[in-house]
Structures are given as structure tokens and as C-alpha cells.
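# Observations on the three-dimensional arrangement
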Amino acid sequence: MKMVIPDAALLAQWDRVRDQLLKEYGEATFSSWLQPLSLVKHNNQGHVVISAPNAFMRDWVRDHYFRRVESLLKAGNDNIRKLELVVSDEPQPHRATGGGAAEIPADIADIEALGAQLDPRFTFDNFVVGKPNELAHAAALRVAESPEVTFNPLFLYGGVGLGKTHLMHAIAWHIRKCHPERKVIYLSAEKFMYQFIRALRFKDTVSFKDQFRSVDVLMIDDVQFISGKDSTQEEFFHTFNALVEQNHQIIVSADKSPSDLEGMEDRLKSRLGWGLVADIHPTTYELRLGILQAKGDQLGIRPPPKVLEFLAHKITSNVRELEGALTRVLAHATLVGRDITLETTQEVLRDLLRANDRKATIDDIQKKVCEYYNVRVAEMHSPKRARSIARPRQVAMFLCKMLTPRSLPEIGRKFGGRDHTTVMHAVKKIEELIAQEDSIREDIELLRRMLET
Ligand code: ADP
Ligand code: MG
């Protein structure tokens, strides 16, 4: 059946669908995945074709948004029977120049020495995929496998211990194995800065620049580290641009999204967001359980399911802690030569479990502290500064900072609308006192124990 380019009516309808998608999925998802789709053609049998800029995006859209797009299109037009999603066949700008088999340059050893060691455990095989890290994993795999640069840079971000470094190493391992001719360099932003400063000191910036600009794949981990470090940022920015211009792949990780990176120059932030930004969300119970099982399998140990479930429920902060907990339980069992049980697990991890249990609220803390010092809660909120009340108030603020995830301004507000600097001052003061006076240290210890159990 003959396909024709869409007419104005269909295009107008497509615009309405897009508006609706924007509303439903929000700006970030829309601009990453849905906006790049275009309506390419249709025929008089109600067959409509839309395209995505590359295969990776096509697959992702197909798995996540396609059904919604289709149902919106059909809902707005009875004639539409079938929607098809293809990869756009327009030539893409900036293709890799390719060329015959690249020779391994003599300075490859130097280049790799510039980078950091890769952890042999951090491979794709050892990475457990779940909802929270699905996108980051898919993008990392894509970059590792693809001979062409699909999105530049790939920006991975997420909280500590959620697998950013693991994924970066996995990409590097994969490329080194499958494309040994490609020069891959992986290093932390800290090390990048250190190398740069050293080059400045030895007046060797020319070869520094040459070295970094000659790599095929540059990976910088924890880029937030160069926040506020202006000259390193400047250098990174130039390296970045040089590599992008040559269509070489850049992969960056950070603890925040590009736009949330503080102390970063705007032009760098915006550059970092140019490619694909993929975040790793906090773990879910299912993912934690999967990771524990995988880890057990790797070690050839099968702890009772009850124990793994218990750990997955209790250690929720991040994967690093989760692994640490499992290792401790296994090590203990090996050392004392006994089976792993729920009881021994609880025993071995008592301190860790307590930290993960912290659920005290500001109100709980105020109440307990008031009971302890025999003052009224209303006095905590009052402007009174008499020492008999000021000290308990400081103790309570300190405990709020320690035991809750609340920010200083939030804490201040709950203490009669005090300023965050007052809270900061209280925290400092109590820290000093803890170092100096046994009695206050004991007070805090006791209160903490009461609040944590
Ligand atoms: P980040 O760099 O985000 O702080 P890491 O990559 O260092 O975190 O991960 C912390 C630990 O957790 C590492 O030992 C890593 O192997 C492990 N880890 C994180 N996510 C996963 C996962 N999805 N599957 C297996 N191990 C993981
Ligand atoms: Mg890391």
C-alpha cells in the first residue's frame, strides 16, 4: 500500500497527542523520549508510521510508551488502525569516521596509566537489573556495545552506593574485551583534577591535553567533585568539547542531575545534559533481594531465603551497605562454623540494623528530650534563652540533625520558627560539648538509644 507524507489534519492531531503526552509524562520524560519522535508517513488503510532517532530510543519507547501513544492516536481518529515505530532513516549528523582496523598506538600504555584500575567484579554479568536501574543499565550496555556514538555524553546519576561506578567499569571492561583497539580511559573527576594540576606544575599541559583528547572513550566518575574548582572545570569543558567534536564517546557520572549540580558553570551543566541523562533510583525490595541472591550464588553460598528476605527488608540505604551486611553474616558463619540463621543474622548486624531503623521524627525527639530534662515541649518552641531550656533545646536540635533526614531549615522551623544558622550553631555546640564533657556525652547516648529502639 502506498505511503504518503502526513497531511495537515494528521499533523495537527499528532500535535495534540504530543501535548497530552507531555501532560501525562512530564517535561523530563517527554523531552528525552517523546519529543524526538516524528510522524513520518501513513497510508489510506489507517497505517501510521512514526520514527525514533535511533534503535536504542525506538526500543525504549516501544517498551515504555508505545501503547499509550497508539491509544491516544486511535482515540483521536477512528481511521487509524495500526501504528508502527521505526528508526528514522535520515542520515544522522556526525557519524564516526571509522576507517580500517586501527592500530594500537604505542602510547596506549601511557593513556591507561592516566586512568584508574578497573574492579574485576564490576562487570555487566554481575550487575543485577531492576526497575530502579533499568534505564541506566540499558544505556550503559548500549554505549558499551555500539560501535557508533549514539548519545554524547551519557550522564549517569544517582545517590551513593547505587551502582554508578559499577556500570562505568562494566562499560570499560566490555569495550576493552570486544574492541581492544579503542582507547578507553576511566578515572574519577578527582584524579582528572590531580593530573591536570600536576601537568600545570610541570608545565606539561600540552601533552596532558593531547593525551586526553586522543582517547575514544573518556569516562569521568563523580564529576560533582569538580564543582567549584574553576580551572579544572574549564579544562574539562575544553576536553569535553574537543572529544564531542571528534565524535568520541564521553561518559560521566555524578550524584545529581546536570541541572542540580551546584558550583558548576552553566555552560558545562548544559553541555552535560546534551546526550542521554539516566538516573539510578533508590533500590526496591525486589532489586535488593535479587542482588543478595546473585551475590550468594557468586560465592557459592545459599543462605536461607528468610535471611535474605530479612536483609532486603531491613538494609534499605544502598547496595554497598547491603553487600557489606551479607558479607558480615557470611564471614561470621564461616568463622564460628555455624549455620546462618535469622537469629545469628540479627545478632551480627545489630548496630547496622539499628541505623537503618532510624525512624525518629522531630516531634518524637522533642518529646523525649523534654521528658529527659524535665522541661515542657512548649518551652522548646518559645523564644526563651535561659540556660535550663536552651541546652535541652540544643540537644534536641542536635539529635534531629543526627537521627532524621530533615534539613537545618526544616528543623529550625519546628523549633518555633528559628533560623537554620541557630540549628547549625546548636549542632556545633553539642559536638564540642560531647568532646569535652562525659555527662553530656552520656545524655546523648542514652537519648539516642531510647529514640532508636
Ligand atoms: P556508586 O558508584 O553509585 O556509589 P557503586 O557502583 O560503587 O556505587 O556500587 C556500590 C556497590 O554495590 C558495588 O560493590 C557494586 O558492585 C554494588 N552494586 C550496586 N548496584 C548493583 C547491582 N544492580 N547489582 C549488583 N551489584 C550492585
Ligand atoms: Mg562511585
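Looking only at helices and strands, the chain has 21 helices and 8 strands in total. Overall, the C-alpha framework of the chain stretches about 85 × 65 × 50 Å when taken along its three principal axes. Counting only residues that meet the buried cut, the chain has 45% of its 453 residues in that class. Sequence-distant contacts, at least 24 apart, represent 74% of the contacts inside the chain between residues at least 6 apart. Accessible area of the chain: about 24000 Å², with a carbon and sulfur share of 51%. Taken together, the 62 basic and 62 acidic charged side chains of the chain have centroids lying 4 Å from each other.

Now for helix H18 (residues 387–403). The end-to-end C-alpha distance of H18 is 24 Å, a good match for the 24 Å that 17 residues give at a rise of 1.5 Å each. Extensive coverage of H18 is indicated by the burial of 13 of its 17 residues.

In this structure, Trp33, Leu154, Ile171 and Met219 are the most contacted members of the largest nonpolar core, which totals 51 residues. Top element by residues in this core is helix H1 (residues 8–34). It accounts for 7 residues. The two domains that each donate at least three residues to this core are domain 1 (8–92) and domain 2 (104–280). Residue contacts for leucine 154: discarding those within four places in its chain leaves Ala139, Ala140, Val143, Ile171, Gln249, Ile250, Ile251, Val252 and Leu276.

Inspection of the region around ligand 1 gives 17 residues, with Val128, Gly161, Thr165, His166 and Glu323 positioned closest. Measuring from a nitrogen atom of ligand 1, one finds a side-chain N or O atom of asparagine 133 at 3.2 Å. The side chain of histidine 166 places a nitrogen or oxygen atom 2.7 Å from an oxygen atom of ligand 1. Relative to its unbound accessible surface of 560 Å², ligand 1 loses 93% to contact with the protein. At the level of secondary structure, the elements contributing two or more residues to the shell around ligand 1 comprise helix H6 (164–178) and helix H13 (319–336). Classifying every residue of the shell around ligand 1 by side-chain character gives 7 nonpolar, 7 polar and 3 charged. Both domains that furnish three or more residues to the shell around ligand 1 are identified here as domain 2 (104–280) and domain 3 (285–355).

Here we come to the domain arrangement of the chain. The accessible area lost on association of the parts is a frequent measure of interface size. Entries for the chain in the domain assignment read domain 1 (8–92), domain 2 (104–280), domain 3 (285–355) and domain 4 (362–451). Measuring from the centre of the C-alpha atoms in domain 1 to the corresponding centre in domain 3 gives 45 Å.

Moving on to the packing of helix H8 (residues 205–213) against helix H9 (residues 230–245). The contact between H8 and H9 brings their axes to 10 Å, and the two run at 45°. As judged from the angle between their axes, H8 and H9 are oblique. Where H8 crosses over H9, the handedness of that crossing is right-handed. Contact with H8, carried on its side by Phe208, Lys209, Phe212 and Arg213, involves Glu235, His238, Thr239, Ala242 and Leu243 of H9 and no other residues of that element. When the residues that make up the contact of H8 with H9 are grouped by side-chain class, the tally is 4 nonpolar, 2 polar and 3 charged.

Basis of the calculations
Residues numbered from 1 in each chain as written. Chains lettered and ligands numbered in written order. Predicted model: local features only at pLDDT ≥ 70, side-chain atom pairs only at ≥ 80, totals over all residues. Heavy atoms only, no water. Helix = DSSP H or I, 4+ residues; strand = E, 2+ residues; numbered from the N terminus. Buried < 20%, exposed > 50% of the residue type's maximum accessible area, 1.4 Å probe, protein only. Contact = heavy atoms within 4.5 Å. Areas by Shrake-Rupley, 256 points an atom, 1.4 Å probe, with all protein chains shown as cover. Lys, Arg positive; Asp, Glu negative; His and termini not counted. Charge placed at Lys NZ, Arg CZ, Asp CG, Glu CD. Expected span 1.5 Å × (residues − 1). Core = buried A, V, L, I, M, F, W, Y, C linked by side-chain atoms within 4.5 Å. Domains from an automatic or database assignment. Near = heavy atom within 4 Å. Polar contact = N/O pair within 3.5 Å; in protein donor to acceptor, adjacent residues only side chain to side chain. Nonpolar A, V, L, I, M, F, W, Y, C, P; charged D, E, K, R; others polar. Axes fitted to C-alpha atoms, helices over the stretch in contact; angles between N-to-C directions. Parallel < 35°, antiparallel > 145°, perpendicular 65-115°, else oblique. Left-handed = near helix turned anticlockwise from the far one by under 90°.

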